[in-house]
Amino acid sequence: MSVLSKRILVTGGAGFLGSHLCDRLMAEGADVLCVDNFYTGRRANVVHLMGHPRFEVQRHDVTFPLYVEVDEIYNLACPASPIHYQHDPVQTTKTSVNGAINMLGLAKRLKAKILQASTSEVYGDPEVHPQTEDYWGHVNPVGFRSCYDEGKRCAETLFFDYHRQHRLQIKVARIFNTYGPRMHPNDGRVVSNFIMQALRGEPITIYGAGDQTRSFCYVDDLIEGFVRLMASPPEVTGPINLGNPVEMTIRELAELVVELTGAKSRLIEAPLPQDDPTQRRPDITRAREVLGWEPKVRLKDGLAKTIAYFDGILRGGQTGVNGE
Ligand code: NAD
Ligand code: UDP
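Residues numbered from 1 in each chain as written. Chains lettered and ligands numbered in written order. Predicted model: local features only at pLDDT ≥ 70, side-chain atom pairs only at ≥ 80, totals over all residues. Heavy atoms only, no water.

What follows covers helix 6 (residues 219-230). Compared with the 16 Å implied by 1.5 Å per residue over 12 residues, the 17 Å span of helix 6 between its first and last C-alpha is a close match. When you tally the buried positions in helix 6, you get 9 out of 12 residues, the bulk of the element. Of the positions making up helix 6, those classed as buried are Val219, Asp221, Leu222, Ile223, Gly225, Phe226, Val227, Leu229 and Met230. (Helix = DSSP H or I, 4+ residues; strand = E, 2+ residues; numbered from the N terminus. Expected span 1.5 Å × (residues − 1). Buried < 20%, exposed > 50% of the residue type's maximum accessible area, 1.4 Å probe, protein only.)

Following this line, the structure appears as structure tokens:
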């Protein structure tokens with residue numbers, strides 16, 4: 001093991017995005033500490049890394065202080081799908097807020113750089129379209145999504161106050177809907193739901209009329225954005241949107257999934273959840289200019305890889321290191 005390798009903490013490292021980030025950092029030769037309480041994350045997501053001399057997993061809940069020695073921190077710990085974050089909303093807020101305080105405190109003691117996985121949900125049901133980073137958002141503070149939205153907004157506040165007050169090097173990424181292998185098959189998110197329903201030949205559940213829009217980013221593109229943001233000069237703090245600006249309606253997504261899977265599924269309408277944002281598309285001008293970053297993977301290609309992953313799960317087979 002090189003004494004020169006960077007020690008990097010990934011909280012939420014056994015989750016969907018976290019496990020892909022661990023893969024990327026390991027491939028770059030870093031020492032990676034994956035911290036997770038396995039609330040929505042799975043050991044299976046990182047099992048292929050276990051036993052590697054540069055990789056370590058620690059079961060820990062970030063709402064409690066953590067004492068470790070690292071050079072950089074990626075703070076991803078937080079359930080991301082609406083059914084998961086609404087299951088225990090108080091814990092969701094605690095994870096975002098107390099988790100941020102604990103990880104920022106750790107970064108302050110270590111003088112470590114810290115990146116926050118924030119979200120397009122800070123814009124709520126946006127009245128500005130596409131969303132630019134200077135838009136303050138349109139968020140219900142007392143609804144079912146508030147535990148997540150307001151928790152993430154408060155975490156951003158804490159990041160910027162630690163930066164101003166303690167000169168901490170911070171990086172805040174606002175992530176827009178990201179998909180790919182290792183999404184939890186039962187997380188209720190639209191991509192996983194539609195693919196699982198199509199592969200099982202079940203009806204595809206469109207919430208509402210399906211004319212609400214989202215913009216879907218493939219996981220590899222997102223991870224590239226994370227790594228570039230962490231490596232950016234100290235004056236680059238964000239917030240910075242990371243997402244794919246190709247926008248589509250949920251009905252169009254359903255039709256595409258049916259086409260790509262060759263499923264016989266019909267599309268059915270189901271009730272629209274409360275406060276479901278009607279439109280979402282990132283303006284990524286800032287990421288293009290500051291990070292030289294933009295997504296490369298076309299939706300059809302990314303969906304094909306994701307479909308192969310879920311197909312592997314349904315067949316009970318091995319999905320392989322990258323879920324391929
Ligand atoms: P995920 O649910 O797969 O991963 C979250 C991980 O955090 C899981 O491994 C979970 O067990 C862990 N975790 C939850 N609470 C914890 C706690 N208190 N202590 C320690 N670990 C805890 O979700 P994901 O899609 O990989 O999202 C990762 C991060 O990115 C989250 O912070 C999420 O808010 C953010 N994000 C994701 C998306 C997306 O489209 N995937 C969009 C916006 C923001
Ligand atoms: N959605 C849907 N059918 C499903 C799951 C989700 O129509 O089976 C819709 C949901 O109402 C929302 C969009 O798809 O408008 C994206 O939902 P998701 O939970 O993936 O993420 P969100 O962007 O809402 O956080």
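Among the secondary structure elements, isoleucine 114 is positioned in strand 5 (residues 113-119). The exposure class of isoleucine 114 is buried, given its relative accessible area of 0%. Each C-alpha atom of the pair isoleucine 114 and leucine 9 lies 9.3 Å from the other, and the pair is 105 residues apart in sequence. Excluding residues within four positions of it along the chain, isoleucine 114 makes contact with Ile73, Met103, Leu104, Ala107, Phe159, Leu168, Gln169, Ile170 and Lys171. (Contact = heavy atoms within 4.5 Å.)

This part covers helix 3 (residues 89-110). Counted at 1.5 Å a residue, the expected span for helix 3 with its 22 residues is 32 Å, and the 31 Å between its end C-alpha atoms agrees. The sharpest bend along helix 3 reaches about 25° and sits at threonine 95. (Bend = angle between axes of the 7 residues up to and from the residue.)

In the vicinity of ligand 2, 18 residues are found, and the nearest of them are Asn193, Thr205, Arg214, Asp276 and Arg280. Measuring from an oxygen atom of ligand 2, one finds a side-chain N or O atom of asparagine 193 at 2.8 Å. Contact distances for ligand 2 include 2.7 Å between an oxygen atom and a side-chain N or O atom of arginine 280. When isolated, ligand 2 has an accessible area of 520 Å², and the protein chains bury 95% of it. Residue assignment for the shell around ligand 2 shows that the elements contributing at least two residues are helix 5 (190-199) and strand 8 (204-207). (Near = heavy atom within 4 Å. Polar contact = N/O pair within 3.5 Å; in protein donor to acceptor, adjacent residues only side chain to side chain. Areas by Shrake-Rupley, 256 points an atom, 1.4 Å probe, with all protein chains shown as cover.)

This next bit is on unusual backbone geometry. Negative phi values dominate among residues other than glycine, just as trans dominates among peptide bonds. Residue proline 130 follows histidine 129 across a cis peptide bond; omega there is -10°. Within the fold, proline 130 resides in the loop between strand 5 and helix 4 (146-166). Residue glycine 238 is joined to proline 239 through a cis peptide bond whose omega torsion reads 0°. By the secondary structure assignment, proline 239 is in the loop between helix 6 and strand 11 (240-242). A positive phi angle is found at phenylalanine 38, which is not glycine, with a value near 60°. Structurally, phenylalanine 38 can be placed in the loop between strand 2 (31-36) and strand 3 (55-59).

Quick look at the state of the cysteines now. In this structure the tally under the stated criterion is 0 disulfides. For cysteine 34, which is in no disulfide, the shortest distance to another cysteine sulfur is to cysteine 22 and amounts to 4.5 Å. As a non-bridged cysteine, cysteine 147 has cysteine 78 as the owner of its nearest cysteine sulfur, 8.2 Å distant. (Disulfide = S-S within 2.5 Å.)

Right, let's talk about the side chain of glutamate 133 for a bit. With respect to the secondary-structure elements, glutamate 133 resides in the loop between strand 5 and helix 4. Overall, glutamate 133 belongs to the buried group, its relative accessible area being 9%. Here the side chain of glutamate 133 touches asparagine 241 through a polar contact of 2.8 Å, landing on its backbone nitrogen. Contact partners of glutamate 133, with chain neighbours within four places excluded, come to Tyr123, Arg174, Pro239, Ile240, Asn241, Asp283 and Arg286.

The subject of this paragraph is the pairing of strand 1 (residues 7-11). Successive residues of a regular strand alternate their side chains across the two faces of the sheet. The element strand 1 is largely enclosed, with a buried count of 4 among its 5 residues. Note: strand 1 against strand 2, 5 bridges, orientation parallel. Residue pairing in the sheet places threonine 11 in a bridge with valine 35 of strand 2. (Pairing = 2+ DSSP bridges.)

Moving on to the site of ligand 1. The immediate surroundings of ligand 1 are formed by 30 residues, with Leu17, Asp36, Thr40, Tyr148 and Lys152 found nearest. Between glycine 15 and ligand 1, the recorded distance is 3.0 Å, taken from a backbone N or O atom to an oxygen atom. Between a nitrogen atom of ligand 1 and a side-chain N or O atom of arginine 189, the distance comes to 2.9 Å. Here ligand 1, which alone exposes 820 Å², has 96% of that area covered by the protein. Here the shell around ligand 1 gets 3 residues from one element, more than from any other, and that element is strand 5. The residue inventory of the shell around ligand 1, partitioned by class, reads 14 nonpolar, 12 polar and 4 charged. (Nonpolar A, V, L, I, M, F, W, Y, C, P; charged D, E, K, R; others polar.)

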